[in-house]
Amino acid sequence: MTNPNAILWFRRDLRTADHPAFEAAIKHAAQLGGKVLPVFVIDPVLIQRSGPNRIAFLFRNLRALIEAGVPLSIYQGRPEEVVPRLARETGADVFVTGDAAPYGTSRDVRVETELSKSGSQFVRFETNYIVPPGTVRKGDQTPFKVFTPFSRVWLAHAEGHLPTPRIKLSAVPWFDMSGEIESKIGVPTPIPSDPSGVAEGLPLQGEVAAWARVRTFADRIDAYEETRNIPSVDLTSRLSADLKYGVIHPRQLMPLIAEHPSKGAAVFRSELCWREFYADVLFHRPETVSEAFVPAMNAMETDDGPNADVRFDAWATGHTGFPFIDAGMRQLLHEGWMHNRVRMATASFFVKDLHLPWQRGAAWFMKHLVDGDVASNQHGWQWTAGTGTDASPYFRVFNPTSQGQKFDPNGEYIKRWIPELRDFSAKAVHEPHSNAGLIDYPQPIVDHAAERLEALDRYKAMKGNSLVSAVDTIT
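Residues numbered from 1 in each chain as written. Predicted model: local features only at pLDDT ≥ 70, side-chain atom pairs only at ≥ 80, totals over all residues. Heavy atoms only, no water.

Engineer: Quick question: what am I supposed to make of the nonpolar core here?
Structural biologist: Looking at soluble globular proteins, one finds that nonpolar side chains tend to be buried together. By size, the foremost hydrophobic cluster in this structure holds 72 residues, and its most contacted members are Phe10, Phe40 and Leu62. If we skip the residues at most four places from it in the chain, Phe10 touches Arg15, His19, Phe22, Pro38, Val39, Phe40, Leu65, Val70 and Leu72. Phe322, Met329, Ala385 and Ala428 belong to the second-largest nonpolar core, a separate cluster that totals 45 residues. (Core = buried A, V, L, I, M, F, W, Y, C linked by side-chain atoms within 4.5 Å. Buried < 20%, exposed > 50% of the residue type's maximum accessible area, 1.4 Å probe, protein only. Contact = heavy atoms within 4.5 Å.)

Engineer: Before we go on, may I ask you to explain the sheet that holds strand β3 (residues 73-76) in this structure?
Structural biologist: Adjacent strands of a sheet form backbone hydrogen bonds with each other and so pair up, either parallel or antiparallel. Spatial ordering of the open sheet is given by β3-β2-β1-β4-β5, a layout of 5 strands whose pairing is parallel. Two strands in the sheet have a free side with no partner beyond their single neighbour: β3 and β5 (122-125). Averaged over all pairs of adjacent strands, the angle between their axes in this sheet comes to 30°, without regard to strand direction. Pairing geometry for strand β2 (residues 36-42) and β3, over 4 bridges, is parallel. The residue bridging Phe40 from the neighbouring strand is Ile74, located in β3. Each of β1 (5-10), β4 (92-97) and β5 is contacted by helix α5 (residues 102-116), which is oriented at about 145° to β5, the strand it contacts most. (Pairing = 2+ DSSP bridges. Helix = DSSP H or I, 4+ residues; strand = E, 2+ residues; numbered from the N terminus. Axes fitted to C-alpha atoms, helices over the stretch in contact; angles between N-to-C directions.)

Engineer: Quick question: what am I supposed to make of the layout of surface pockets here?
Structural biologist: Sizing a probe to match a water molecule and rolling it over the atoms shows the empty space that remains. Volume-wise, the largest pocket comes out at about 1100 Å³. Elements with a contribution of two residues or more to the lining of the largest pocket: α10 (240-244), α12 (263-284), α15 (340-353) and α17 (374-385). Counting residues per element, the lining of the largest pocket draws most heavily on α12, which supplies 7 residues. When its residues are assigned to classes, the lining of the largest pocket shows 16 nonpolar, 11 polar and 10 charged. If you add up the space inside the second largest pocket, you get close to 940 Å³. What lines the second largest pocket is a set of 45 residues, and nearest its centre among them are Arg12, Leu46, Tyr103, Lys244 and Val374. Within the residue set of the lining of the second largest pocket, elements represented by two or more residues are β1, β2, α2 (44-49), α3 (52-67), α5, α12, α16 (358-368) and α17. Residue composition of the lining of the second largest pocket, by class: 24 nonpolar, 10 polar and 11 charged. (1 Å grid on protein atoms, 1.4 Å probe; cavity = no way out; pocket = protein on both sides within 12 Å on 5 of 7 lines; lining within 4 Å. Points joined across faces, edges and corners; volume = space filled by probe spheres on them. Nonpolar A, V, L, I, M, F, W, Y, C, P; charged D, E, K, R; others polar.)

As far as function goes, none of this settles anything; it's purely spatial.
And the structure:
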């Protein structure tokens, strides 16, 4: 590397602690007598693919990064055009945290190609995962398709990864954006305001807020195994959006897990591993963003047309007449987030009661989730739809009423999100229409028992034979 300056291109790594690319950029500039230019590029492709909640959370975290002391320059445009131009005019090499997602990988190849034309280096450091996607493999070097064996190898890689100290921002040789250089590379744009349609309940942004969530969760982690499936108590980590944008690196959570040798902490570590497993699956099989991981399942019959659209709208707005499902969908609209147990129930209802394609439901989640991550979201939906890795078998159909009775027995979660049902008893709230009297709450839009049989018939037709013997495991 001969360019004295360093561009630190922030992407999904919006933090100042445990940031290898940041540290390398500082070291590079110090050794060559150069400066560090921190940059974020608002990519129209990614903005178009993101819902208002993720865009708002992104913009708010950019502001938090600036408030923390990083003199971030914001530019809008295609990265393969913006970044090489900045590097050329500033005489800089470019330092980034690696991106293993399909779009990020192809984007970085384009950027690197353009940088090479002017002699600038493109230097990648790790990824937004403890173990970079593509690292964990079987003995024959093929990727894992099942979570449990993946998790054993992943853990061997993950153990020993400890975070590095926070960067002292006051000691960084920042690039001076004033004067002549600004006229060459263009005046940075202000961070745009939040788009319209942002949910009211987005989490607070920035590292300080994220670490407050970590401290709160630290007091609960030992009980995580018992509490993580109860949506009314809200005792999950609530760190998914922070992990999505790299406000916290998952590696930074490993010491917390080590400090708590409990079953709850081990289960939480397993959840981090699931996140990395799905990223690994997408790395090897990028087409599974929209196609079934098990190709034969692409032949499953699904519904479309006006009646399907009516059912979709009822599901999307939380008006299906099934309280546990509707509570989850209303939470999504209000907070841009939904409890994971409820995500599974609402997805199962969408695919197996409404017979709609999982891709359509996944797209709705991605539109509204503040933590919407393409690998976790698409493969979580595929798990429930019975089309993916480690999939819940298609013939396992979640009962939308009994799921609420089991995981929200007192109806506290339902009543929080469906005010029409707040006066019902703990028992009656799960089946409000079985009680006498009129209420301002929709009748069930489907008969679950009938739709379960319809789902099984479609599976039989697709398979061309009778169901496997495990039909009696339906819940």
